[in-house]
Amino acid sequence: MSLLIREVPVEDTPLDLLLLADPSEEKVRSYLARSRCFVAADDGIVAGACAVQPLEAGGHELMCIAVHPDRQKSGIGTALLKWVIDFYRKSGAGRLEVGTGTFGYQLAFYQRQGFRVTAIDRNFFIQYYPEPIFEDGIQLFDMLRLTLDFSGKSR
Ligand SMILES: CC(C)(COP(=O)(O)OP(=O)(O)OC[C@H]1O[C@@H](n2cnc3c(N)ncnc32)[C@H](O)[C@@H]1OP(=O)(O)O)[C@@H](O)C(=O)NCCC(=O)NCCS
């Protein structure tokens, strides 16, 4: 595997990949407009993508991250997440946040990189999404908010 991770113009973001992480095209398009996008390409073929948008007070939020289903579980998502963390840490960001509705393997995926639980946004997915969302047959209701604090203050 020869993985190259780089930023791409928002208009070049592979929307089909991002929709694996966030099923609402309307929502993805709305936050893409103010996001930076990063892709991971293996031998020139884009296999993973993510979008990050700025928050107030030096924070940034990883809005979505996804790897093509045929390429999952081969380390591409972890490599992309690590690269993005490193990119924002070096750029002087205060923290990186992420929200997830699935508390399965995705939770460990973030926790392994140092993300800590900071809040639970109850009923987020029924309040802000027009259609019910199911993952592995489980309806998503609440969003778990995780933060990676670059200052180390959360300890
Ligand atoms: C989450 C995601 C980006 C991780 O990318 P990836 O390339 O598959 O991740 P990695 O190969 O680096 O693996 C990270 C860990 O997740 C596990 N994992 C990845 N996909 C999995 C799956 N479908 N089921 C169970 N575990 C999975 C891996 O086994 C690995 O754990 P391990 O080290 O204990 O083996 C990717 O699985 C994905 O696109 N999922 C669908 C979209 C999504 O849920 N995005 C996140 C929204 S919160």
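Residues numbered from 1 in each chain as written. Predicted model: local features only at pLDDT ≥ 70, side-chain atom pairs only at ≥ 80, totals over all residues. Heavy atoms only, no water.

**Brief notes about the environment of Ala21**
Put simply, the test is: Secondary structure is summarised from DSSP: a helix means a run of H or I of at least four residues, a strand means a run of E of at least two, and numbering begins at the N terminus for each. Whether two residues touch is decided by their heavy atoms; if any such pair falls within 4.5 Å, the residues are in contact.
Within the element layout of this structure, Ala21 appears in helix 1 (residues 15-21). C-alpha of Ala21 to C-alpha of Ile65: the two residues are 44 residues apart in sequence and 6.1 Å apart in space. The residues touching Ala21, leaving out its near neighbours within four places in the chain, are Cys64, Ile65 and Ala66.

**Quick word on the UniProt feature "domain: N-acetyltransferase" (unreviewed entry) in the chain**
What counts, and what does not: UniProt positions are given in the numbering used here, feature names are shortened, and annotations may be inferred rather than shown by experiment.
Those places that UniProt annotates as "domain: N-acetyltransferase" (unreviewed entry) correspond, in this numbering, to residues 3-145. What you have in residues 3-145 is 29% helix and 36% strand, and the ends, taken at the C-alpha atoms, are 29 Å apart.

**Some details on the pattern of salt bridges**
Put simply, the test is: Criterion for a salt bridge: a side-chain nitrogen of Lys or Arg within 4 Å of a carboxyl oxygen of Asp or Glu.
Under the criterion given, the structure shown has 7 salt bridges. A single salt-bridge network, built from bridges that share partners, covers Glu61, Arg95, Glu97 and Arg145.

**A short note on the packing of aromatic side chains**
The geometry of an aromatic ring pair is captured by two quantities: the separation of the ring centres and the angle between the planes. What counts here: Whether two aromatic rings pair depends on their centres lying within 6.5 Å, for rings of Phe, Tyr and Trp, where Trp uses its six-membered ring; planes under 30 degrees apart make the pair stacked, over 60 edge-to-face, and the rest tilted. Remark: exposure states derive from per-residue accessible area (1.4 Å probe, protein chains only) relative to the maximum for the residue type, with buried under 20%, exposed over 50%, and partly exposed in between.
In this structure the tally under the stated criterion is 11 aromatic pairs. Ring geometry for Trp83 against Phe87: centres 5.5 Å apart, planes inclined by 15 degrees, an arrangement best described as stacked. Pair noted here: Trp83 and Phe87 are both in helix 3 (residues 76-90), with a separation of 4 residues, about one helical turn. Given a relative accessible area of 30%, Trp83 falls into the partly exposed group.

**A short note on the pairing of strand 2 (residues 36-42)**
Defined as follows: Here, any two strands with at least 2 DSSP bridges between them count as paired.
Of all 7 residues making up strand 2, 6 are buried, and the element is well covered by its neighbours. As paired elements, strand 1 (residues 3-8) and strand 2 share 6 bridges and run antiparallel to each other. Looking across to strand 2, one finds that Val8 is bridged to Cys37. Bridge count for strand 2 against strand 3 (residues 45-54) is 7 bridges, and the pairing is antiparallel. Among the inter-strand pairings, Cys37 is bridged to a residue of strand 3, identified as Ala51. Linking strand 2 to strand 3, which pair antiparallel, is a turn of 2 residues; within it Asp43 sits at a positive phi near 50 degrees.

**Quick look at the side chain of Glu61**
Looking at where Glu61 falls in the secondary structure, it is placed in strand 4 (residues 59-67). On the basis of relative accessibility, which here comes to 11%, the residue Glu61 falls in the buried class. Residues in contact with Glu61, not counting those within four places in the same chain, are Ala51, Val52, Gln53, Leu55, Leu96, Glu97, Gly99 and Arg145.

**Looking at the nonpolar core**
Side chains that are nonpolar tend, in soluble globular proteins, to be buried together. Rules: Note on terminology: a nonpolar core comprises buried Ala, Val, Leu, Ile, Met, Phe, Trp, Tyr and Cys residues joined through side-chain atoms within 4.5 Å.
In this structure, Tyr110 and Phe115 are the most contacted members of the largest nonpolar core, which totals 26 residues. Those elements that provide at least two residues to this core are strand 2, strand 3, strand 4, helix 3, strand 5 (95-100), helix 4 (105-111) and strand 9 (143-149). At 6 residues, the largest contribution of residues to this core is made by helix 3. Every residue in contact with Tyr110, bar those within four places of it in the chain, is listed here: Leu62, Ile65, Leu81, Val98, Thr100, Phe115 and Leu146. In terms of nonpolar packing, the next biggest core, distinct from the first, is built from 13 residues, Leu15, Leu18, Cys37 and Val39 among them.

**Observations regarding the site of the ligand**
Rules: Proximity is defined per residue: if any heavy atom of the residue lies within 4 Å of a molecule or strand, that residue is considered near it. Any N or O atom pair separated by 3.5 Å or less is treated as a polar contact, with the protein-specific requirement of one donor-capable and one acceptor-capable atom, and with residues adjacent in sequence counted only for side-chain atom pairs. Accessible areas in this description were obtained via Shrake-Rupley with a 1.4 Å probe; residue shielding takes into account the shown protein chains only.
By nearness alone, 18 residues border the ligand, and Ile65, Val67, Gly75, Gly77 and Thr78 come closest of all. In this structure, a nitrogen atom belonging to the ligand sits 2.8 Å away from a main-chain N or O atom of Ile65. Between the ligand and Gly75 there is a distance of 2.7 Å, counted from an oxygen atom to a backbone nitrogen or oxygen. Starting from 890 Å² of accessible surface for the ligand in isolation, the protein chains cover 74%.

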